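# Breakdown of the fold
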Amino acid sequence: MGAQYSSLNDLKSNEYLKRFVSEESISVNDPFWNQFLSFRLQTSFTTAHSKLIEESSSIYLQQLETNNPKTNNYGTLIEVFIRLASAAREECEDTIVTWQTYSALLILRCITKYLIEIDSEQNLHPYFLSQDNSNRISLMSFFVDTLFRTTIAIPVETYSYALHLEVLNTLLSLLSIQMCAKEAALISAIYSIFMHRLDPLLISEFTRTLLEHFIKQTDCPSALAVVPLNDSNGDSGTLYKIGQSVAQGLWSVVTLGMASSTASTSTADGIVPPTDPAYDLRNRHLANQSIHLILILSNHFTNDAHRNPYRLALLHFTDTQDTPTNLPDSEPLPWFSVDYRRLYDVLCQTVHTDQSTLLLYMLLHRNQHFKAYVISRTNIDQIVLPVLRVIYAATERNSHHIYMSLIILLILSEDDYFNRTIHDIKLKKLTWYTERSLNEITLGGLLVAVVLRTIQFNMTRMRDKYLHTNCLAALANMSSQFQNLHTYVSQRIVSLFHLLARKHSKTLDHIQQQSSTTNVDILNEYVQDLTIIEDVMRMVLEIINSCLSHTLQHNINLIYTLLYNKDIFENYRTHPSFQDVLQNIDTIIVYFADKVEKLEQRSTEYVKEALEMGAKQFPLDRLKKFPELKFKYVEEEQPEDFFVPYVWTLVYKSCNLYWSSESVLIFKQQQQQQQQSLSPEHSRLVENDEITSHNTERDLRPDVEKPSQ
């Protein structure tokens, strides 16, 4: 016998569903459950299919909401699931038990998600209470505990893939209270279970398992046959009777973006062929949901007073291939280990996505062991290049992704070894950098070029007065290690100052014109713009000065460019904001201009040869000493103000579950806060040149002010 399908329309006549949601209370040992769970609702791998299932079952969900306070059939089904899950863990290869466990969980997930959406936690309140007024844990705590143990204990195989995915979907649905609740998660009973009611060792192992799912990037098994949503026979099959095909593992489920196991991926943007990298990423549902859970759980309760166990586990794990060493600011004993090489490789492959960028940011910022590993890689270009490509394609990306990518560069630039080695890695055939053919450029040179391009783009179009701060801070950190900058890169550095100089001149003209008017607001706006422009100009000059002071002999192209464009500094030599730093640049320009004047032949080749000889002879003690440019990125005290809405935005868009816009309150609350905000919140500069990123709810981005000496 094969699988017996029925359409979504058959839900309305399903006798088992009618009995489950009726006024009849069904005991945990009733044979009904075995029959009820012999039918399986297919996994929804797309938001559209998830919505279709919820709409088709809405009448049953409404009836259950009405009758469950009396029947407690929802609680009984949780008990049935716990019993089945325990059996599934003990008999992992029993396909029938695994299937029934999955069926029970899918129904529970639909109900839980519905109850949370319509009334936050109110309908679930009885399940958070201790049973029989004893000291026993609540049923909901037992439920979450069972979900964790199921994820950890059952291997991911063809027969168990759907169950694993449904466990993660259920956990996401429970945690979605953050999106739907009127109150903060700090007082949520659900989050209290996740953060305070589970065994810390279980949490550590669960976090490790999620990270392993992400690392493995397991494809949805090809043995899972596909039933398209637009099937010619009507709605996609959602219920079918367990037959002999179950024992053989011949399941039929809907997989994300697959018309068949070898067909093209159908997306909202069109058809993606199986050879496209996007096809592989969109077909790795388990990894997708795992990273969503990692980001959700590790970005709540970030204050040290609450000691988020997931955050601690994630930010202090070590490498299985190396003896753990206690680096500065690390926990004495990490909770678990994973293979750093495999994690690094998968981050290199996926860092072009928001989720992986955010995970990489967290690990570099907080996990000292992993940061040291990344910095030491000889193939660090494999992770830096995708980050640069995200920044380069700024117009095609969301602003949050751009900001996190820039902060990653800023964090990396804090390390001197990184700043040196990136200039030793030569790149060839950069097809995505289309503005100019860059042959034989170093990774360091490309990084500088992309960041300079971002600053220039920001100044001419976006006019975001905060974005350039991260860019300038990263360049400042790297400036003393600039080596053999490409001619194009040297030109971009000087041309950025030239652009700023022109803006400075125009802004002064506007101020003079407005001085005779009564419109004070416009005048003040121009004055503020002038201050920002001067700050950026000052920083660009300091970066040039830092490079010349530390690596003069290795940057002949920059010296050549300065000589060629020496006139652009003329109007600023006596300006109080630039005078001191321009003295050094002028000293160098005068010295090398004299060398060039003495040449009989002034072709580029002869000039650069003279510059090289002059650089070896130049007395560096003639230059005024400035403090070394060093800036460090630090988070504000409540980073969740930025990360919680950001993470839930990613989950809402990418997890393939459906939430009605009416039930999602977190984004509405954010909009209200934006309207109430009279001025943009931003970071402050603290001592020791630390850039403090206040992750504002106002615009969902880490904002920083320009660092100063």
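A short tour of the structure in this document, coming up. The residue numbering used here restarts from 1 in each chain and proceeds along that chain's sequence as written. Residues qualify for local features only when their pLDDT is at least 70, as the model is predicted, and side-chain atom pairs are given and counted only at 80 or more; totals for whole chains, interfaces and linings, by contrast, use all residues. For side-chain calculations, the full set of non-hydrogen atoms in the structure is used, while hydrogens and water are omitted.

On to the overall build of the chain. Along the chain, the regular secondary structure elements total 30 helices and 12 strands. Evaluated residue by residue, the chain yields a buried proportion of 57% over its 709 residues. By definition, residues are in contact when any of their heavy atoms lie within 4.5 Å. Pairs at least 24 residues apart make up 74% of the contacts formed inside the chain by residues separated by at least 6 positions. Each accessible area is a Shrake-Rupley estimate made with a 1.4 Å probe; only the visible protein chains count as cover when residues are assessed. Carbon and sulfur atoms form 47% of the exposed surface of the chain, whose accessible area is close to 30,700 Å². Strands here mean DSSP runs of E at least two residues long; helices mean DSSP runs of H or I at least four residues long; both are numbered from the N terminus. Between buried and exposed lies partly exposed: a residue is buried under 20% and exposed over 50% of the maximum accessible area for its type, with that area taken using a 1.4 Å probe on protein chains only.

Here a salt bridge means any side-chain nitrogen of Lys or Arg lying within 4 Å of a carboxyl oxygen belonging to Asp or Glu. Summed over all chains, the structure comprises 24 salt bridges. Of the charged contacts in the structure, one is a salt bridge between Lys-113 and Glu-117, with a shortest N-O distance of 3.1 Å. With Lys-113 and Glu-117 both in helix α6 (residues 95-119) and four residues apart, this pair spans about one turn of that helix. A relative accessible area of 1% means that Lys-113 is categorised as buried. Looking at Glu-117, the relative accessible area reads 16%, which means it is buried. A salt bridge links Glu-597 to Arg-602, with the nearest nitrogen and oxygen atoms 3.3 Å apart. Under the relative-accessibility criterion, Glu-597 is labelled exposed at 52%.

Now for the packing of helix α24 (residues 487-514) against helix α25 (residues 520-551). Between α24 and α25, the least distance of the axes is 9 Å, while the angle of their chain directions is 155°. Classified by the angle between their axes, α24 and α25 sit roughly antiparallel to one another. Remark: the crossing between α24 and α25 carries left-handed chirality. In terms of residue class, the contact of α24 with α25 is made up of 18 nonpolar, four polar and three charged. Axis angles are defined between N-to-C directions and span 0 to 180 degrees, where every axis is a line fitted to C-alpha atoms and, for a helix, only to the segment in contact. For this classification, under 35 degrees means roughly parallel, over 145 means roughly antiparallel, 65 to 115 means roughly perpendicular, and everything else is oblique. Two helices cross in a left-handed way if the nearer one is turned anticlockwise from the farther one by less than a right angle. They cross in a right-handed way if the turn is clockwise. Residue polarity is assigned by list, with Asp, Glu, Lys and Arg as charged and Ala, Val, Leu, Ile, Met, Phe, Trp, Tyr, Cys and Pro as nonpolar; anything else, Gly included, falls into the polar class.

Time to look at the environment of Val-451. Summarising the element assignment, Val-451 is placed in helix α22 (residues 443-462). Judged by relative accessible area, Val-451 falls into the buried class, the value being 1%. Expressed as a C-alpha distance, the spacing of Val-451 and Asn-470, which sit 19 residues apart in the sequence, is 9.4 Å. Every residue in contact with Val-451, bar those within four places of it in the chain, is listed here: Leu-409, Cys-471 and Leu-475.

Attention now goes to the packing of aromatic side chains. Side-chain rings of Phe, Tyr and Trp (the six-membered ring for Trp) are treated as a pair once their centres are within 6.5 Å; stacked means planes under 30 degrees apart, edge-to-face means over 60, and tilted covers the remaining angles. Overall, the coordinates contain 32 aromatic pairs when judged by the stated rule. Ring plane angle 45° and centroid distance 6.4 Å describe the contact between Tyr-191 and Phe-301, whose orientation is recorded as tilted. Here Phe-301 lies in the loop between α14 (285-298) and α15 (309-314) and Tyr-191 lies in helix α10 (residues 189-196), a separation of 110 residues in the sequence. Look at Tyr-191 and you get buried, because its relative accessible area is 0%.

This part takes up the environment of Tyr-652. Along the chain, Tyr-652 turns up in helix α29 (residues 640-654). Sequence spacing of Tyr-652 and Met-179 is 473 residues, and the spatial spacing of their C-alpha atoms is 9.1 Å.

So, on to helix α26 (residues 556-564). Think of an α-helix as turning once every 3.6 residues; residues three or four places apart then point the same way. For α26, the buried fraction is high: seven of the nine residues fall into the buried class. Every buried residue of α26 is accounted for by Ile-556, Asn-557, Leu-558, Ile-559, Thr-561, Leu-562 and Leu-563.

As for its placement among the helices and strands, Asn-555 is situated in the loop between α25 and α26. Look at Asn-555 and you get buried, because its relative accessible area is 1%. Dropping the residues within four chain positions of it, Asn-555 is found in contact with Phe-482, Gln-483, Asn-484, Leu-485 and Cys-547.

Bringing α10 into the picture now. Of all eight residues in α10, six are buried; the element is thus mostly enclosed. Buried within α10 we find Ile-190, Tyr-191, Ser-192, Ile-193, Phe-194 and Met-195. Whenever a nitrogen or oxygen atom comes within 3.5 Å of another N or O atom, the pair is scored as a polar contact, on the condition that within protein one atom can donate a hydrogen and the other can accept it, and that pairs from neighbouring residues in sequence are kept only if both atoms are in side chains. Capping of α10 at its N-terminal end is provided by Ser-188; its side-chain oxygen lies 3.2 Å from the backbone amide nitrogen of Ile-190.

The backbone phi angle of Gln-217 is positive, close to 50°, even though this residue is not glycine. Note on placement: Gln-217 falls in the loop between α11 (200-216) and β2 (239-241). Gln-217 gets classed as buried once you look at its relative accessible area, which sits at 10%. In this structure, Asn-656 takes a positive phi of about 70° despite not being glycine. Position of Asn-656 among the secondary structure elements: in the loop between α29 and α30 (666-676). Residue classification places Asn-656 among the buried positions, given a relative accessible area of 13%.

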